[in-house]
Amino acid sequence: MSNSTLPTKQRDHISTPVSAGLGESVARPDGTLKVTGDFAFSSDLWAEGMLWASTLRSPHPHARIKSINIAPALKINGVSAVLTHDDVPGAKLYGLEIIDQPVLAFDTIRFHGEAIAIVAADHPETAKRAAQAIIVEYEILEPVIDPDFAISGKAPVIHTGGNITRHVPILFGPQDLTADVVVKGEYEVGMQDQAPLGPESGLAIPAEDGGIDLYLSTQWLHVDRGQLATVLGLPPEKVRLTLAGVGGAFGAREDLSMQAHVSLLAMRTGKPVKIVYSREESFFGHVHRHPGKLRYEHGVTKEGKLVYVKATIVLDGGAYASSSPAVCANAACFAVGPYEVESATINSYVAYTNNPPCGAMRGFGAVQTAFAYESQMDKIAEVLGMDPIDLRLKNAMSRNSLMPTGQPIDSAAPVAEILEKLRAMPLPPLTSTTEGFDIIELPGGASNATHGEGVRRGIGYALGVKNVGFSEGFDDYSTAKVSLQIINGEPVVEVHTAAAEVGQGLVTLKGQIARTELGVQRVVVHVSDTQVGSAGSTSASRQSYVTGGAVMTACKAVRDEILLFAMEKLGHLHPHLLHFRATYLLVDGEIRDGNGTLVSSLADLVQDRIFECTREYRHRPTTPIDPITGQGLPHTQFAFAGHRAVVDVDIETGLVKVIEMATVQDVGKALNPQAIEGQIEGGTAQGLGLAILEEIQVVNGKVKNPSFTDYLIPTVLDMPPVRSIILEYADEHAPYGLRGVGEAPTISSTPAIVSAIRAATGLALTRVPVRPEHITSTM
Amino acid sequence: MDFFRPTSLADALKLKSAHPLALCINGGTDVMVELNFDRKRPETLLDLSAVTELNQWSEAGDSIVLGAGVTYSRIQTELHAQLPGLAMASRTVGSLQIRNRGGVGGNLGSASPAGDAHPALLATGATVNVSSVRGGRSIDIHEYFIAPKKSALDPDEIIISITIPKARGGQQYSKIGTRNAMVIAVCSFGLAIDLQTRKVGTGIGSAGPTPLRAVEAEAFAASHLDWEKGAALAPELLAEFGALVSAASRPIDDIRGTAAYRRHTLSVIAARSLKWAWTSTNEFRST
Ligand SMILES: Cc1cc2nc3c(=O)[nH]c(=O)nc-3n(C[C@H](O)[C@H](O)[C@H](O)COP(=O)(O)OP(=O)(O)OC[C@H]3O[C@@H](n4cnc5c(N)ncnc54)[C@H](O)[C@@H]3O)c2cc1C
């Protein structure tokens, strides 16, 4: 298990000399552009004669639409079209897993901010004012706001079929165990937002063939296309999408937002139409992380061995399903954490309510449960008088441990090592408050709230685990087209996929893979579009794995074709090669024989031919889970990470300064170490946000803080230095041994910080984000 | 929309009287937000940022006359010795980008109860100098704030400058915000000790409909400080001062914090501020 190098089998055809190949911290092509403000985002698109779109949204969380009068909007100078649900030519509903969300609302409004009508005009302000001029008559209804009540059977039904969007039970091991010590706890997670800096935006251009060309930000071009085709009443091939510059995603772009709207307006007006959400609208235009209530009971021996875990999880899915069913299953599967347990009884529910719809966000159900089970682990340690790390070590999963679904972990699970390494990392010194100190270092930072008064140091640890890739039997694949040709006497490789680069660095990685596989320095990464097969979603930490796997496979196919061609053309030079069906090798852009002797340069061999291969790549198949017992093999790979948080808390004001985050994560194989560090630091920051800052405040179904003035994300002064250790235990089932990286760091960051705040304050703190008044009101 | 950008004060005043409904814009860090959110749709914008007179500060005896357009960044670097309380408040405003554009004139123009300059101005007993074609007048800062986002400024008036006494004792500004920077005050407190007049000035932000003054706390501190020798303050005295400041606040529950939290933390930062300011008052004693 301590093997951290690649299986040699995958290396034998590669010698290293290309630079910017796998394993190097290759710089991203968009890095400098983004820092200097020169990167073109989807909000920067422009087309000759384009119109601007705007959306009218409901001010009420629950209402019946009695009438919509668009006449006043149409009268406004410069307005080209005003559309409502009546104008949707195809299906009026869409959805990722359950088709339940109206493209434009009809009959019933189910959440605050639901889209009702759309406008195209010659100026964005005109469009906005026209949208405001539309008169909607509402019959206001009482919103269902409490998910527990929603699923109680007593609440009004929000969608036919009832308010339980999904219930996932998991019954693992004997169900009648008792234990020496029983520890119960109830936890709550607030509604976090992905808060991508790039707002929803795109440009739709009607095409001469009656189809539409779209340039926009999304996470999955093909699933957008599929939904758009049904909504627009077009065959899929007439809906062509090209990925524009994406300013972050984190799950917020998995569902349709503006895509159908901007397309409808372009098709109606026959003109290019552009849409850009404002920051405020962005908060209404995408789904959020599910808030949840989690009720736990752990049975443990006096020695600290887990006997059973019982958990009831109720997630608030809001008004529409989005990816709620999958989030619900993930919460169930990862309800226990990276711990072995004899018995588990999990019931995970996701409810329809009239709150904002919730769906995918980095961590996807595993974030909510990690806060609960790690809080429980700390509580158990306290009850038993044990060191919290020792307690975790005693129960840590390892290779071959069983998940509560009964699925064995068939690759590395270095949970114990993560804990030991976290414990061994040096601790930062106490914050100085002697002569010449800077208030920036203290809780409150620039606000000058303390000079050391009331400040207590706390240290906390937490672990997290999550699946990589789509689960429960989903046919999860990606497609890559790779070509090689000679341009100006030099071999050039082109890599073409439909995978969404949302800022994670996949463009860079695709180039690294091609360089390493083909030994060719010049690689052109084609813009992602629907002219090639689906790449699946940029989510579930899966693109390096699945699209990386597809690029690898297509590169190998190109290499094999070139070598076959070399055999045909040059085989006579080495007739014995033909005889033994051995092959030439492609090394450094040269054809060599088995002894490493040059046979031909690529340029001489290939000349004006183009070698092109398109390949699909699938990770190992998974299975659905049993609907009664939750047993099955739903996941293909697991990612493990742990954090140690060091915080200073001013216990008199409740202000928190996170001093340092230390983290250890197994990445299987570090294909681009700097990109991995970026993911780890960003994920840690997002976890910090959930721990102490980020919450969409929803009061009686209404969003109260849809702005960056009041939805607070961490600034550079809130985010401390991150000390990270990257483990590389190759997963023998994955391309290059890699393990998906993106989500794991978000999961354990939050509970580690709360644990540290508990250590500093002695408070129970059962809800995130922890607000200052939670600390002061109970001190 | 009409847009005027005068370069002299005289032109600015003429334009303002010709267009009394023109919205002044200086740094634009409040105005542009209002425009973006469609909360304001002015017919006319009067850009004051090129008016030389508004972008200067000068000394006048024991006071600094601070041009309405002098940015927070400049206050921090150029005036931290003379106006330490206001410089501290300036440091807490927004981000560097905001501090490079915004200034006290705009803060007073918006007259938000959360404006960070206000408690510092209240504590030092500043005067707001305003002007129109009708002539000029000076408004005592304690008379300036009337209601939430409403001030004593008349529609045709422009804020020219603020006269602020130079520090003659320790000053502090302390703010409670959930984030370590870039945050609107949940509540805030400004304090100025005047060794010469033996007075203590206070200002409370974000804990009432307008910025407030804690009159009883001021009197209590002034009568209990050891003005002669500067003896250290007993914890009970600090706590009592904090309680009096808290009692002078009139906070509400909102999304940024509860009234109870505001009352509690005001008492904490007021007590701390008095301790810190009293300690630094010793530096003024020796000179
Ligand atoms: C991201 C961000 C963060 C912020 N953080 C803070 C913060 O931490 N603390 C804080 O207090 N504020 C903050 N603000 C608000 C703003 O920066 C301050 O209120 C600032 O002082 C405004 O100054 P300005 O010159 O930009 O004003 P402008 O926006 O130009 O004007 C503001 C108002 O004052 C009027 N006005 C301007 N100059 C004059 C004049 N000479 N005479 C008469 N009226 C005038 C305008 O008509 C307008 O009503 C923040 C704003 C942003 C966008």
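Since the structure is predicted, the reported quantities are computational estimates derived from the model, not experimental observations.

In terms of regular secondary structure, chain A is built from 18 helices and 31 strands. Relative to the compact-globule value of 28 Å for 779 residues, chain A shows a C-alpha radius of gyration of 27 Å, a close match. By principal-axis analysis of the C-alpha atoms, chain A measures approximately 85 × 75 × 65 Å. Entry remark: accessible area of chain A is about 27300 Å², with carbon and sulfur atoms responsible for 54%. In chain A, the 63 positive side-chain charges and the 86 negative ones have mean positions that sit 2 Å from each other.

Residue and element names in this part refer to chain A. Within helix α3 (residues 124-133), burial applies to Thr126, Ala127, Ala130 and Ala131. Down the axis of α3, the smallest arc covering the buried residues is 135°, so these residues share one side. As for α3, its buried residues are in contact with β1 (51-57), α2 (71-74), β3 (79-83) and β7 (115-121).

All right, on to the packing of aromatic side chains then. Residue and element names in this part refer to chain A. Per the counting criterion, the structure on display carries 14 aromatic pairs over all chains. Measuring from centroid to centroid gives 6.4 Å for tryptophan 220 and phenylalanine 474, while their planes differ by 70°, and the two rings are edge-to-face. Of this pair, tryptophan 220 sits in the loop between β12 (212-216) and α5 (221-232) while phenylalanine 474 sits in the loop between β18 (455-468) and β19 (477-487), and the two are 254 residues apart along the sequence. Judged by relative accessible area, phenylalanine 474 falls into the partly exposed class, the value being 39%. Seen from their ring centres, tyrosine 339 and tyrosine 373 are 6.3 Å apart, and the 85° between their planes marks the pair as edge-to-face. One end of the pair, tyrosine 339, is in the loop between α8 (324-333) and β17 (343-351); the other, tyrosine 373, is in helix α9 (residues 366-384), and 34 residues separate them in sequence. Taken together, the ring pairs connect Trp220, Phe470 and Phe474 into an aromatic cluster. Seen from the ring of phenylalanine 39, lysine 34 lies directly overhead, with NZ or CZ sitting 4.6 Å from the centre. In this arrangement the basic side chain of arginine 542 is found over the ring face of phenylalanine 470, its NZ or CZ atom lying 5.7 Å from the centre.

Residues and elements named next belong to chain A. Enumeration according to the criterion identifies 5 cavities of 30 Å³ or more in this entry. As a volume, the largest cavity reaches approximately 270 Å³. Those elements that provide at least two residues to the lining of the largest cavity are β5 (101-102), α6 (259-269) and α7 (279-285). A total of 3 residues in the lining of the largest cavity trace back to one element, the largest contributor, which is α7.

Another point: the packing of helix α10 (residues 388-395) of chain A against helix α11 (residues 415-424) of chain A. Residue and element names in this part refer to chain A. Between α10 and α11, the least distance of the axes is 9 Å, while the angle of their chain directions is 160°. Classed by the angle they form, the pair α10 and α11 counts as roughly antiparallel. At the point where α10 passes α11, the crossing takes the left-handed sense. Residues Ile389, Asp390, Arg392 and Leu393 of α10 pack against Ala416, Leu419, Glu420 and Arg423 of α11. Of the residues that constitute the contact of α10 with α11, the class distribution is 4 nonpolar, no polar and 4 charged.

Turning our eyes to something else, we now look at the packing of helix α16 (residues 673-692) of chain A against helix α17 (residues 744-761) of chain A. Residue and element names in this part refer to chain A. Taken N-terminus to C-terminus, the directions of α16 and α17 make an angle of 45°; their axes are 7 Å apart at the nearest point. Taken as axis vectors, α16 and α17 run oblique relative to one another. Once α16 is placed against α17, the crossing between them reads as right-handed. Residues Gln679, Ile680, Gly683, Thr684, Gln686, Gly687, Leu688, Leu690, Ala691 and Ile692 of α16 form the contact with α17, whose own contacting residues are Pro745, Thr746, Ser749, Thr750, Ile753, Val754 and Ile757. Class assignment for the residues of the contact of α16 with α17 results in 9 nonpolar, 8 polar and no charged.

Now for the sheet that holds strand β12 (residues 187-194) of chain B. All names here are of chain B. Pairing is antiparallel across the open sheet formed by 3 strands, whose spatial order is β11-β12-β13. Each edge of the open sheet carries a strand with a single partner, namely β11 (171-176) and β13 (199-205). Direction aside, the axes of adjacent strands within the sheet are offset by 10° on average. Here 7 bridges tie β12 to β13, and the two strands are oriented antiparallel to one another. Looking across to β13, one finds that serine 188 is bridged to glycine 205.

The next thing to look at is the confidence of the model for chain B. When pLDDT drops low, the exact placement of atoms in the prediction is not to be read closely. Residues with a pLDDT of 70 or more make up 99% of chain B, whose mean pLDDT is 96. If you check the scores for this complex, the pTM reads 0.96 and the ipTM reads 0.96.

Residue and element names in this part refer to chain A. Inspection of the secondary structure assignment puts glutamate 660 in strand β27 (residues 655-666). One polar contact links glutamate 660 to arginine 644, side chain to side chain, over a distance of 3.0 Å. Polar side-chain contacts of glutamate 660 include one of 2.8 Å to the side chain of arginine 723. If near-sequence neighbours (up to four positions away) are discounted, glutamate 660 is found in contact with Pro426, Pro428, Arg644, Ala645, Val646, Pro720, Pro721 and Arg723.

The next point concerns the site of the ligand. Residue and element names in this part refer to chain B. Neighbouring the ligand are 31 residues; Cys24, Asn26, Thr29, Asp30 and Tyr72 lie closest to it. Contacts to the ligand include glycine 27, whose backbone N or O atom sits 2.8 Å from an oxygen atom. In the model, an oxygen atom of the ligand is placed 2.6 Å from a nitrogen or oxygen of the tyrosine 72 side chain. Out of a free accessible area of 980 Å², the ligand has 87% covered by protein chains. Mapped onto the shell around the ligand, the elements with two or more residues apiece are β2 (23-25), α2 (31-36), α6 (104-110) and β10 (158-165). Ranked by residue count, the leading element in the shell around the ligand is α6, at 4 residues.

What follows deals with the environment of Asp38(B). As for its placement among the helices and strands, Asp38(B) is situated in the loop between α2 and β3 (44-47). Classification of Asp38(B) as buried rests on a relative accessible area of 18%. Leave out the neighbours within four places in its chain, and Asp38(B) touches Glu125(A), Lys128(A), Arg129(A) and Gln132(A).

A word on the interface of chain A and chain B. Residue-level contacts link 43 residues of chain A with 32 residues of chain B. For the chain A face of the interface with chain B, the top three residues by lost area are Ser447(A), Asn448(A) and Glu453(A), together amounting to 16%. Summed over the shared surface of chain A and chain B, the result is 5 salt bridges. One salt bridge connects Asp650(A) with Arg272(B), and the closest N-O pair in it is separated by 2.6 Å. At the surface where chain A touches chain B, the tally comes to 23 residue pairs in polar contact (both at pLDDT 80 or more). At the level of elements, α3, β27 and α18 (772-776) of chain A are the ones that each hand at least two residues to the side of chain A that touches chain B. When grouped by side-chain class, the residues that make up the side of chain A that touches chain B number 15 nonpolar, 14 polar and 14 charged.

Applying the stated criterion to the full structure yields 65 salt bridges over all chains. Of the charged contacts in the structure, one is a salt bridge between Asp475(A) and Arg618(A), with a shortest N-O distance of 2.7 Å. Pair noted here: Asp475(A) is in the loop between β18 and β19 and Arg618(A) is in strand β25 (residues 611-618), with a separation of 143 residues, a long-range link. Here Arg618(A) falls in the partly exposed class, since its relative accessible area comes to 39%. A salt bridge links Asp62(B) to Arg168(B); the shortest N-O distance between them is 3.6 Å. With Asp62(B) in the loop between β4 (57-60) and β5 (63-67) and Arg168(B) in the loop between β10 and β11, this pair connects stretches of sequence that are 106 residues apart. Among the ionic contacts, a cluster of salt bridges with common partners joins Asp146(A), Asp148(A), Glu186(A), Lys293(A) and Arg295(A).

Another point: the pairing of β17(A). All names here are of chain A. β17 sits mainly inside the fold: 8 of its 9 residues count as buried. Sheet topology note: the strand β9 (residues 164-172)/β17 ladder contains 8 bridges and is antiparallel. Within the sheet, the bridge partner assigned to proline 169 lies in β17 and is asparagine 347. The pairing of strand β16 (residues 306-316) with β17 spans 9 bridges and is classified as parallel. Counted as the bridge partner of lysine 310 is threonine 345 from β17. In this fold, β16 hands off to α8, which returns the chain to β17; that crossover is right-handed.

Before going further, it helps to examine the sheet that holds strand β6 (residues 127-132) of chain B. Residue and element names in this part refer to chain B. Spatial strand order, β4-β5-β10-β6-β7: 5 strands in an open sheet with antiparallel pairing. If you trace the sheet from one side to the other, it starts and ends with β4 and β7 (135-140), each paired once. Within the sheet, the average angular offset between the axes of one strand and its neighbour, ignoring direction, is 25°. Two elements, β5 and β10, share 5 bridges in a ladder whose sense is antiparallel.

Thresholds, definitions, all that
- Note that residues are indexed from 1 along each chain, following the sequence as it is written.
- Whichever chain is written first is A, and whichever ligand is written first is 1; the rest continue in order.
- Only residues with pLDDT of at least 70 get local features here, since the model is predicted, and only at 80 or more are side-chain atom pairs given and counted; chain-wide, interface and lining totals rely on the full set of residues.
- For the side-chain quantities, the full set of heavy atoms in the structure was used; hydrogens and water were omitted.
- Strands are runs of DSSP state E lasting at least 2 residues, helices are runs of H or I lasting at least 4, and numbering of each runs from the N terminus.
- Radius of gyration: over C-alpha atoms. The globule rule applied is 2.2 Å multiplied by the number of residues raised to the 0.38 power.
- For every accessible area listed, the method is Shrake-Rupley and the probe measures 1.4 Å; residues are considered covered only by the protein chains on display.
- Neither His nor the chain ends contribute to the count of charged residues, in which Lys and Arg are positive and Asp and Glu negative.
- By convention, charge coordinates are those of NZ in Lys, CZ in Arg, CG in Asp, or CD in Glu.
- Buried means the residue's accessible area, taken with a 1.4 Å probe over protein chains only, is under 20% of the maximum for its type, while exposed means over 50%, and partly exposed covers the values in between.
- Here the arc refers to the directions that run from the helix axis out to each C-beta atom.
- When checking whether two residues touch, look at their non-hydrogen atoms; a contact exists if any pair is within 4.5 Å.
- The criterion for an aromatic pair is that two Phe, Tyr or Trp rings (for Trp, the six-membered ring) have centres within 6.5 Å, with stacked assigned to planes under 30 degrees apart, edge-to-face to planes over 60 apart and tilted to the rest.
- Any Lys NZ or Arg CZ found within 6 Å of a ring centre and within 35 degrees of that ring's normal is scored as a charge over the ring.
- Whether a set of points on the 1 Å grid over the protein atoms alone is a cavity depends on a 1.4 Å probe fitting there but being unable to get out, while an open set qualifies as a pocket with protein on both sides within 12 Å along at least five of seven lines; lining residues are those with an atom within 4 Å of a point.
- Grid points are joined across faces, edges and corners, and a volume is the space filled by probe spheres set on the points.
- Interaxial angle, 0 to 180 degrees, is taken between N-to-C directions of lines fitted to C-alpha atoms, where a helix line uses only the stretch in contact.
- To sort the angles, those under 35 degrees are grouped as roughly parallel, those over 145 as roughly antiparallel, those from 65 to 115 as roughly perpendicular, and the leftovers as oblique.
- Handedness of a helix crossing follows the sense of rotation of the near helix relative to the far helix, less than a right angle counterclockwise being left-handed and clockwise being right-handed.
- Residues are grouped as follows: Ala, Val, Leu, Ile, Met, Phe, Trp, Tyr, Cys and Pro are nonpolar; Asp, Glu, Lys and Arg are charged; all remaining types, including Gly, are polar.
- Following DSSP output, two strands are said to pair if at least two bridges run between them.
- Every residue is assigned a pLDDT by the predictor, reflecting its confidence on a scale from 0 to 100.
- We call two N or O atoms a polar contact when they sit within 3.5 Å, provided that within protein one can donate a hydrogen and the other can accept it, with sequence-adjacent residues counted only if both atoms are side-chain atoms.
- By convention in this text, a residue qualifies as near a molecule or strand provided that one of its non-hydrogen atoms is within 4 Å of it.
- What gets called buried area is simply the loss in accessible area from a 1.4 Å probe that two parts show on being joined, summed for both.
- Counted as salt bridges are all cases of a side-chain nitrogen of Lys or Arg within 4 Å of a carboxyl oxygen of Asp or Glu.
- Crossover handedness is defined here as right-handed if the route from the first strand over the helix to the second strand goes clockwise, with the strands pointing away from the viewer.

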